[in-house]
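Structural overview
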2 protein chains.
Amino acid sequence: MYSIGQLADKTGVKVPTIRYYEQIGLIAPPERTAGNQRRYTLAGFQRLSFIRHSRDLGFSLQDTREFLELSGHPDQKCDDAHKIATRHLAVLRQKIAKLMRLEAELERISCCESGKLGDCAVLETLADHSLCKTDH
Amino acid sequence: MYSIGQLADKTGVKVPTIRYYEQIGLIAPPERTAGNQRRYTLAGFQRLSFIRHSRDLGFSLQDTREFLELSGHPDQKCDDAHKIATRHLAVLRQKIAKLMRLEAELERISCCESGKLGDCAVLETLADHSLCKTDH
DNA sequence: TATAATCCCTCTAGTAGGTATAGCTACAAG
DNA sequence: CTTGTAGCTATACCTACTAGAGGGATTATA
């Protein structure tokens, strides 16, 4: 049995976040001691690790909820899990592509000579989109 | 003079968002018609375009606020503007690197054969971090 | 056993950056 | 003059937490 603090240490999920997950129904309310403190089992630890991992990979809490639901029914086909993962991968790729375009643009405009603000490429570019060389 | 809807169309910023920006003091309250409707000038349009552009480049509202402040004093050195942009560029690069690691991992685990959930690589990997091939 | 340090409890409110809704009024076209 | 679209305020809601107040529980040491 782990206290909430021990569980936090073992999973890397912060204590208030664990309580938050319980509040929104992502994890079940655990047993309590006579003094009303939460005590977690190995199963609770595993579920929270799963959640942590899913969040680390950038999935939303909603996606994570669906993964948890799916992993509770190991006899069904895993198409749904793949659908979620594939959808997320597409979003991720778009995000990367966009960020890389932004990177290029930002690099271009932020490496000018330091001078007076009236000639600052950063501010000029923000003021006039037509100065941009890439799409965004 | 533009109505709020026309301004929204011209800048690509949604109507409620424009009102929100006014509320948080990012743009000044514009003049009103006798019937209490907002009417924007060219200067209002330019300021909102500047904001939109800054947001498009991924800057926070706080960064954007600082850019606006700086662009109001064109006689000062633009070091500050560059500092903000450079800081943002570093954050952006970290974000891209992390997303690319996630992409690799997600690609690896989501391209398995569709079978039973008990053997689903997506769910298995989420449950057991040691199955991951990359850092995240 | 006493006490101090650390942990844990609930509850409320706040964060960014908006979006949605309700109930109402203004304005432009026919 | 009416009707449909656009605008108004105010409040609540969204994600995914984080911070703080004010108290109780547990544990390590004296």
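Conventions and cut-offs
Residues numbered from 1 in each chain as written. Chains lettered and ligands numbered in written order. Predicted model: local features only at pLDDT ≥ 70, side-chain atom pairs only at ≥ 80, totals over all residues. Heavy atoms only, no water. Phe/Tyr/Trp six-rings, centres within 6.5 Å; stacked < 30°, edge-to-face > 60°. Buried < 20%, exposed > 50% of the residue type's maximum accessible area, 1.4 Å probe, protein only. Lys NZ or Arg CZ within 6 Å of the ring centre and 35° of its normal. Least-squares fit on C-alpha atoms with pLDDT ≥ 70 in both. Contact = heavy atoms within 4.5 Å. Axes fitted to C-alpha atoms, helices over the stretch in contact; angles between N-to-C directions. Helix = DSSP H or I, 4+ residues; strand = E, 2+ residues; numbered from the N terminus. Parallel < 35°, antiparallel > 145°, perpendicular 65-115°, else oblique. Left-handed = near helix turned anticlockwise from the far one by under 90°. Nonpolar A, V, L, I, M, F, W, Y, C, P; charged D, E, K, R; others polar. Domains from an automatic or database assignment. Near = heavy atom within 4 Å. Polar contact = N/O pair within 3.5 Å; in protein donor to acceptor, adjacent residues only side chain to side chain.

Section: the packing of aromatic side chains
Tallying each qualifying case throughout the model produces six aromatic pairs over all chains. With a centroid separation of 4.8 Å and an interplanar angle of 90°, the aromatic rings of Phe59 of chain A and Phe67 of chain A are classed as edge-to-face. Comparing Phe59 of chain A with Phe67 of chain A shows no difference in burial state: the two are buried. Residues Tyr20 of chain B and Tyr21 of chain B carry aromatic rings whose centres are separated by 6.0 Å and whose planes lie at 45° to one another, so their mutual orientation is tilted. One residue, Lys10 of chain A, lies across the ring of Phe45 of chain A, its end atom 4.8 Å from the ring centre.

Here's the deal with the relation of the copies chain B and chain A
For the match of chain B to chain A, the screw axis carries a shift of 0.0 Å, the RMSD comes to 0.3 Å, and the turn is 179°. Both chain copies can therefore be described as sitting about a two-fold axis. In terms of C-alpha distance to the rotation axis, chain B has Ile96 of chain B as its closest residue, with the C-alpha 3.1 Å off the axis. Most of the interface of chain B is mirrored in chain A: 100% of its interface residues are interface residues there too.

With respect to the packing of helix 5 (residues 79-110) of chain A against helix 5 (residues 79-110) of chain B
One can describe the packing of helix 5 of chain A onto helix 5 of chain B by two numbers: an axis separation of 9 Å at closest approach and a directional angle of 155°. On the basis of their axis angle, the class for helix 5 of chain A and helix 5 of chain B is roughly antiparallel. For helix 5 of chain A against helix 5 of chain B, the interelement crossing comes out left-handed. Here the residues of the contact of helix 5 of chain A with helix 5 of chain B sort into 18 nonpolar, six polar and eight charged.

Here we look at the environment of Arg108 of chain A
All names here are of chain A. Within the secondary structure layout, Arg108 lies in helix 5. For the pair Arg108 and Gln46, spaced 62 residues apart in sequence, the C-alpha to C-alpha distance is 46 Å. Those residues in contact with Arg108 that lie beyond four places of it in its chain are Leu131, Cys132 and Lys133.

What about the domain arrangement of chain A?
Splitting chain A by domain gives domain 1 (4-58) and domain 2 (79-131). For domain 1 of chain A and domain 2 of chain A, the distance between their C-alpha centres works out to 36 Å.

Some details on the protein's contact with DNA strand C
Around DNA strand C, the surrounding shell holds 18 residues, and the nearest of these are Ser3, Gly5, Arg19 and Arg38 of chain A together with Thr17 of chain B. Within the backbone of Gly5 of chain A, an N or O atom sits 2.8 Å from a phosphate oxygen of DNA strand C. Contact distances for DNA strand C include 2.8 Å between a phosphate oxygen and a backbone N or O atom of Arg38 of chain A. Among the elements of the structure, helix 1 (4-11) of chain A together with helix 2 (15-23) of chain B are those that each provide at least two residues to the surface near DNA strand C. Examining the composition of the surface near DNA strand C, we find that three residues originate from one element, helix 2 of chain B, more than from any other. Residues that form the surface near DNA strand C fall into these classes: four nonpolar, nine polar and five charged.

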